[in-house]
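Observations on the model geometry
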Amino acid sequence: MKSFFVSVFRGGSGRQRFAMAASCLLLAVFLVHNLVWLDHNYRRLPCWQSLCVSPRSLEEVAAQNTSKVVRGRFATYYLLRRLAAGKEMTVPIWLEKHSDHLEAVTRIYLEYSSERMVVPDSAAPGLRESSTETGTWLRRGGSRPLVQTLYVSIDANASSYVLAESSATYGDLFLITAARYRSLTEGAP
Amino acid sequence: MSQVPILLGIHLVGLALVAALGPRKRPALASALAFPAGLAFVCVLSLLWLVVGIPYRFELLASAVCLSTLAFAVLAARRGVERRALKLGAVWTVAFALACYGLTRVNVAVLTYDSHYYVLLGGVVAREGMLTPFLDTALQEWGVFQVLAHSLGAFSRHQFLYALPLVLGLSFIPVFGLTLWHGLGRSDLSKHRRLVAAVAVTATLCTVNAVAYHTLYIHTNMAVAVYLFIATALLWIADADSDPTLVPVAFIALTALALQRTETPIVAALFLVLRLADTRLPRRLITAWVACFVAVVSIWYEAIARFASPESAFLTPTRSRLVWAGLVLCLLWCIAGEMRIIRRLNRFIPALVAAAVLLALAIAFATKTDHMLTSLSSWYQNLSSLEQWGQTWYLLAAMTVVALVVKAPPFPHAFSIGIPAYLGGILLLSAISIPYRVGVGDSANRMAVHVVPIIFFYLAIKVCSCETRTHQA
């Protein structure tokens, strides 16, 4: 054993031999420490029994993110881009502060309505059932952020859409064709 | 299109670039450097492309990268490439392609809000094909390098390059190991022991939990660590071994480093000044590469100055112009390097840098005591108690204390002053922003990763350098 250490740490001054020996010892401790912590940290992950594999689609990755902001904004941008890119959409004025992202990412042509666009209470269950996709929208309003559910009903032939709300404050959001929105609201009181 | 051709294209242009400009006598290191160098080249090319106003389209960009690869290959052939280097480059490329194929089969990337924002901005660049007002606003706050790197993902069928951080992180393992192997070339260790030392230190670095985490994380931090290491370590070996062929790749890495985050041009300048203050490399060569580095970064920062808002919390027109003015000052200092007064001044640069950082910290703590104490306390808690780090910083501190008993290797200031100054700089950054917080995602916690590879490198070369050789230097 002694001859092994002498052969490994030969050369240089006594200080250097000490530094090399101490560094080798610390490096070994370091490596063991790292492996123990890697194992410990990995076992704490929810996905440790399989590889922590995520979907390969950006929209799905965003929709499964642990951050409310990512799920409630980015995932919705990608959803809207997939479903409605190139279409016109009339949205409530409170979405104006998100216009940069909405236009740059979704490539939807936005128009803002200062009037509140609301679907009648009686129509809301039907719209929820007939929606083809759902998403979420994180809305910063009131005392704390609220996650609203977005119900999307896309008609391949329609080019104009409306983002309407349910009558309840901070209720659900409905993305429906402009024609359908008109038909729902024209008869409403 | 799959991500493999994109990653392979980056590797090939990097391989040709390093063969044309990089180290000829170190073929393994040259092959290992191919991917980081290629990524830096493609991003710088894309940046200049966008600033000039050429439409950013995949077919145009791919043609430019192919032409560049060809031009670099011709340059390398004229320079003369050894048969062994060619064989090694070919084997490395096949191994890289196979690794990329495997790594792109599954998505194991970690994404947070910031990661999604980089990917989102990259997607907008690729779709719009130019700098739009939306991008102009965003790029005042977000480093442009990752945005451009992820813009390439929009050309793949997966919409984003989830394999990019993993490929960069894994390609860094041979880069670190081989650079350390060459760095230990000055020590009295036999080849066999050098190999054992390089493998042991590389294994320890790569298993540091925070480093492993950042290898999967789509953000700037691993890329900053990679490029800071390449620039600093290669410039050190270039001086220590009198090998100027390492200089071009070091400056390509320095340029990539400067474009990563809004504050990284200052980091690049700090390490550059400390490294070049006592350099013995040919002044003309260094000045030419400093000029290229300053030109690229200044062009981008002047572009930001033209569209930045004066009310921006990050880069305002004044701050952007101050950044490039500082870099131009570095260039002038390089040009005037032969003047006696500059040579005399250079001796005091490490002390001046240390004094400046200490003074700035003293002022920050004196004027914003609570703010700075909160930042310091949060940072300390993060580094000492987060599971991502374990006892890493205590172990590094113990190794540093051990390393103090031996004399410093030649040209130590980029490490011995640069690392503490950078850590001080991280703390100083909070003085002009909100205080740091406790948590894995905190900026200071993430930025600490940047210096981990150079700490390992410096401690290894310091402990292994023989005193007799140190005196000769």
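Shown above is the structure to which this text applies.
Let me sum up the structure you'll find in this document. Being a predicted model, the structure only gives us computed values, none of them experimental. (Residues numbered from 1 in each chain as written. Chains lettered and ligands numbered in written order. Predicted model: local features only at pLDDT ≥ 70, side-chain atom pairs only at ≥ 80, totals over all residues. Heavy atoms only, no water.)

1. Description of the overall build of chain B
Scanning chain B from terminus to terminus reveals 24 helices and 0 strands. Taken over C-alpha atoms, the radius of gyration comes to 21 Å for chain B, in line with the 23 Å a tight globule of 473 residues would show. Overall, the C-alpha framework of chain B stretches about 55 × 55 × 50 Å when taken along its three principal axes. Counting only residues that meet the buried cut, chain B has 61% of its 473 residues in that class. A sequence separation of at least 24 residues applies to 79% of the contacts in chain B between residues at least 6 apart. Working note: accessible area of chain B is about 17900 Å², and carbon and sulfur atoms make up 69% of it. Looking at charge distribution, chain B has the averaged site of its 34 positive side-chain charges lying 11 Å from that of its 19 negative ones. (Helix = DSSP H or I, 4+ residues; strand = E, 2+ residues; numbered from the N terminus. Rg over C-alpha atoms; globule rule 2.2 N^0.38 Å. Buried < 20%, exposed > 50% of the residue type's maximum accessible area, 1.4 Å probe, protein only. Contact = heavy atoms within 4.5 Å. Areas by Shrake-Rupley, 256 points an atom, 1.4 Å probe, with all protein chains shown as cover. Lys, Arg positive; Asp, Glu negative; His and termini not counted. Charge placed at Lys NZ, Arg CZ, Asp CG, Glu CD.)

2. Details of the packing of aromatic side chains
What the rule picks out here adds up to 26 aromatic pairs over all chains. Here the aromatic rings of Phe41 of chain B and Phe72 of chain B are separated by 5.2 Å at their centres, their planes lie at 80°, and the arrangement is edge-to-face. Here Phe72 of chain B lies in helix α4 (residues 58–79) and Phe41 of chain B lies in helix α3 (residues 34–52), a separation of 31 residues in the sequence. An aromatic cluster is built from Phe74, Tyr77 and Trp137 of chain A together with Tyr113, Tyr117, Tyr118 and Trp142 of chain B, whose rings are joined through pairwise contacts. It is Arg73 of chain A that lies over the ring of Trp137 of chain A; its NZ or CZ is 5.1 Å from the centre. One residue, Arg139 of chain A, lies across the ring of Trp94 of chain A, its end atom 3.8 Å from the ring centre. (Phe/Tyr/Trp six-rings, centres within 6.5 Å; stacked < 30°, edge-to-face > 60°. Lys NZ or Arg CZ within 6 Å of the ring centre and 35° of its normal.)

3. Let's talk about the interface of chain A and chain B
Across the boundary between the two partners, chain A contributes 47 residues, which contact 50 residues of chain B. Together chain A and chain B conceal approximately 4200 Å² of surface at their shared face, both sides included; 64% is due to carbon and sulfur atoms. Here chain A and chain B share 0 salt bridges between them. Connecting chain A to chain B are 17 residue pairs in polar contact (both at pLDDT 80 or more). (Buried area = accessible area lost by both parts, 1.4 Å probe. Salt bridge = Lys/Arg side-chain N within 4 Å of Asp/Glu carboxyl O. Polar contact = N/O pair within 3.5 Å; in protein donor to acceptor, adjacent residues only side chain to side chain.)

4. Quick word on the nonpolar core
Of all hydrophobic cores here, the largest spans 214 residues; its most connected members are Leu39, Tyr227, Phe251, Phe293, Trp389 and Phe457 of chain B. Here the element with the most residues in this core is helix α12 (residues 221–240) of chain B; it accounts for 16 residues. Dropping the residues within four chain positions of it, Leu39 of chain B is found in contact with Ile10, Phe145, Ala149, Leu164, Leu168 and Tyr227 of chain B. Formed by 11 residues, the second largest nonpolar core is a distinct cluster that contains Val119, Val162, Ala164 and Tyr181 of chain A. (Core = buried A, V, L, I, M, F, W, Y, C linked by side-chain atoms within 4.5 Å.)

5. Some points on helix α5 (residues 99–106) of chain A
The buried count for α5 of chain A comes to 6 of 8 residues, which makes it a mostly enclosed element. Among the residues making up α5 of chain A, those that are buried are Ser99, His101, Leu102, Ala104, Val105 and Thr106 of chain A. Close packing links the buried residues of α5 of chain A with α4 (68–84) and β2 (109–113) of chain A together with α6 (113–128) and α7 (133–138) of chain B. In the stretch just after α5 of chain A, Arg107 of chain A is the one whose phi turns positive, near 60°.

6. Details of the pattern of salt bridges
Residues and elements named next belong to chain B. In total, this model carries 16 salt bridges over all chains according to the counting rule given. The salt bridge partner of Asp278 is Arg275, with a shortest N-O separation of 3.3 Å. Its relative accessible area of 1% is what places Arg275 among the buried residues. For Arg306, the salt bridge identified is with Glu302, shortest N-O distance 3.0 Å. Here Arg306 and its partner Glu302 are both found in helix α15 (residues 283–307), 4 residues apart, which amounts to about one turn of the helix.

7. A closer look at the environment of Ser433 of chain B
Along the chain, the position of Ser433 of chain B falls in the loop between α21 (418–429) and α22 (443–447). Exposure remark for Ser433 of chain B: the relative accessible area of 40% places this residue in the partly exposed category.

8. Focus on α21 of chain B
All names here are of chain B. Here α21 is 12 residues long and its end C-alpha atoms lie 16 Å apart, about the 16 Å a rise of 1.5 Å per residue gives. Of all the residues in α21, the buried ones are Gly418, Ile419, Ala421, Tyr422, Gly424, Ile426 and Leu427. Tucked into the core, α21 has its buried residues touching α14 (264–276), α17 (340–367), α18 (369–385), α20 (413–416), α22 and α23 (452–464). (Expected span 1.5 Å × (residues − 1).)

9. A word on the side chain of Thr264 of chain B
All names here are of chain B. Within the element layout of this structure, Thr264 appears in helix α14. A polar contact is formed between the side chain of Thr264 and the backbone oxygen of Leu257, at a distance of 2.9 Å. Here Thr264 is in contact with Val224, Leu257, Ala258 and Leu259, once residues within four sequence places are set aside.

10. Regarding the layout of surface pockets
The volume enclosed by the second largest pocket comes to roughly 1400 Å³. If you go around the second largest pocket, you meet 38 residues; those closest to its centre are Leu45 and Cys52 of chain A together with Val110, Tyr213 and Leu216 of chain B. Elements with a contribution of two residues or more to the lining of the second largest pocket: α2 (14–44) of chain A together with α9 (164–183), α10 (191–207) and α11 (209–216) of chain B. Looking at the lining of the second largest pocket element by element, the count peaks at 6 residues for α11 of chain B. Its residues placed into classes, the lining of the second largest pocket shows 25 nonpolar, 11 polar and 2 charged. (1 Å grid on protein atoms, 1.4 Å probe; cavity = no way out; pocket = protein on both sides within 12 Å on 5 of 7 lines; lining within 4 Å. Points joined across faces, edges and corners; volume = space filled by probe spheres on them. Nonpolar A, V, L, I, M, F, W, Y, C, P; charged D, E, K, R; others polar.)

11. Overview of the pairing of strand β5 (residues 146–152) of chain A
For a regular strand, side chains alternate in direction, first toward one face of the sheet and then toward the other. Residue and element names in this part refer to chain A. Note: strand β4 (residues 133–139) against β5, 7 bridges, orientation antiparallel. Paired with Arg139 across the two strands is Leu146, which belongs to β5. Two elements, β5 and strand β7 (residues 173–177), share 3 bridges in a ladder whose sense is parallel. Each residue of the ladder has a partner; that of Tyr151, found in β7, is Phe174. (Pairing = 2+ DSSP bridges.)

12. Things to note about the side chain of Ser131 of chain A
Residue and element names in this part refer to chain A. Tracing the chain through its elements places Ser131 in the loop between α6 (124–130) and β4. Here the side chain of Ser131 touches Arg128 through a polar contact of 2.8 Å, landing on its backbone oxygen. Setting aside anything within four residues of it in sequence, one finds Ser131 in contact with Tyr151, Val152 and Ser153.

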